[in-house]
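Below, each chain spelled out in residue letters.
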Amino acid sequence: MTMQPAAPIPARQRSGLRHRAALAAVVLVVASVAPAATAVAQTDSADAEDRSLGVVGYFDSYGVGEGADDRNGEREYTDPADSRHISRLNGTSGGLALLSGSNPGLDADIAILGSSGAESQHLRDPQLEDPDDPDQGFRNHPMLELAPTEDVDVAVISLGGNDAGFAPIIGHAGEWDRTIEQMQAFVEEGGFDAVAAAPTAEELAELAGRAERGELSVDATTLTARLAATYRAIAERHPGAQLVVQNYPIAIDPELADPDGAIGELFSREELAFIEEFGRQINARIDEAIELCDCDIALNDVSDAFEGHEYYAEEPWINEVWTPEQLMPGEQHRDQEAVHPNLDGTEAIARGFAEVLAEELGLVPPAAAAPIDRDLLPDLFLAPRPPAGVPAL
């Protein structure tokens, strides 16, 4: 995939797809992680069918791969100082690498449009660096305005958790031992309960009618309506593309917490039970939105993919909360990795994505034990962040 904005980018020597940026004034940069030689390594036989695959990602932190970093200096992040926190080892890229391994000749590229902290409203609105302090400027351009308009075969979506306030809810629990009543009060005060609330049968019927008339909005009051509008807008932006929606892994088992609240444990059983239930509410709203959209959507259901590897498990697939003392110089960005999938967790997401996409596109699925070959990671296209103090496009 070669994006072609007004300003040129380095020439590509691969037979990738051609994508055009929606805004010609936006300069896109390439973060390529696969050497040119891998184009040959991917082909096992002379008669292997070459196939190009253009992918775009509308992502929040779980989509961009925040936390997918082994801390060994290999710089999985495209730029640790970039607050979008985009990792080359995000689940979608990992899944595409798995598919390249099981489908010789597959040439995949991905353009990541999202960012850590993204909500559905950021399809059309610029994302602030700090919503409480607009003077800090913008973190990301509106995703739809950056989206390529040609040769998009797959659009992957990971959004909704920030709309429902999942991060502040977890943060509230981690600050102090909270009772269920205290957690519920926090959710109600923040208005998060109204966003994540299950619609009644009558409300769903009304939403279905509005969806048919094209009246849903990403600024709607409820998460179900917001996400249905999000999926519809992305489907309209990329007609003919396969949409894949990724829900959220419920990496929590309240029974793993010490019942007596051992010193050093951040979350109590009550808090974990509340967080688990709220996470499942978000995934239920995603299911409803997929049905309302009535689009060509496949679900990468990772809700139970971390079973046995939850927070406080012996081998967790989710990052613990770092303390300032644990962070090395230059690692301040890692305080945002807490309660996000680590490399093992991101690999589980990648495997789910590869299996779903193989089924939808008629590709050969990867073997269950196939490793993710980093030499087969797709080329990664990113949009530059808005300059400091300059409004996003």
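Bear in mind the structure is a predicted one, so any value in this text is a computation, not a measurement.

A. Seen up close, the overall build of the protein. What the protein contains, in helices and strands, is eleven helices and eleven strands. By the burial criterion, 53% of the 393 residues in the protein qualify as buried. In the protein, once contacts between residues fewer than 6 apart in sequence are set aside, the share between residues at least 24 apart is 75%. Entry remark: accessible area of the protein is about 17300 Å², with carbon and sulfur atoms responsible for 50%.

B. Layout of the state of the cysteines. This structure, assessed with the given rule, holds one disulfide. Bridging cysteine 293 to cysteine 295, the disulfide has an S-S length of 1.8 Å. On the S-S bond that ties cysteine 293 to cysteine 295, the torsion sits near -60°, and the link is left-handed. By relative accessible area, cysteine 295 is classed as partly exposed at 22%.

C. Quick peek at the pairing of strand β9 (residues 242-246). In terms of burial, β9 is a largely internal element, five of the five residues being buried. Here β9 shows two buried faces, one formed by Gln242, Val244 and Gln246 and the other by Leu243 and Val245. In this structure, β9 lies alongside strand β10 (residues 297-300), joined through four bridges in parallel fashion. Among the inter-strand pairings, valine 244 is bridged to a residue of β10, identified as alanine 298.

D. Geometry of the pattern of salt bridges. With the rule as written, the count across this model stands at ten salt bridges. In this structure, glutamate 129 and arginine 139 form a salt bridge, with 2.9 Å as the shortest nitrogen-oxygen distance. Here glutamate 129 is found in the loop between β6 (127-128) and β7 (138-140), whereas its partner arginine 139 is found in strand β7, with ten residues between them in sequence. An identical accessibility class is assigned to glutamate 129 and arginine 139; each is buried.

Definitions and limits used
Residues numbered from 1 in each chain as written. Predicted model: local features only at pLDDT ≥ 70, side-chain atom pairs only at ≥ 80, totals over all residues. Heavy atoms only, no water. Helix = DSSP H or I, 4+ residues; strand = E, 2+ residues; numbered from the N terminus. Buried < 20%, exposed > 50% of the residue type's maximum accessible area, 1.4 Å probe, protein only. Contact = heavy atoms within 4.5 Å. Areas by Shrake-Rupley, 256 points an atom, 1.4 Å probe, with all protein chains shown as cover. Disulfide = S-S within 2.5 Å. Pairing = 2+ DSSP bridges. Salt bridge = Lys/Arg side-chain N within 4 Å of Asp/Glu carboxyl O.

Function-wise, these values are silent; they only describe arrangement.
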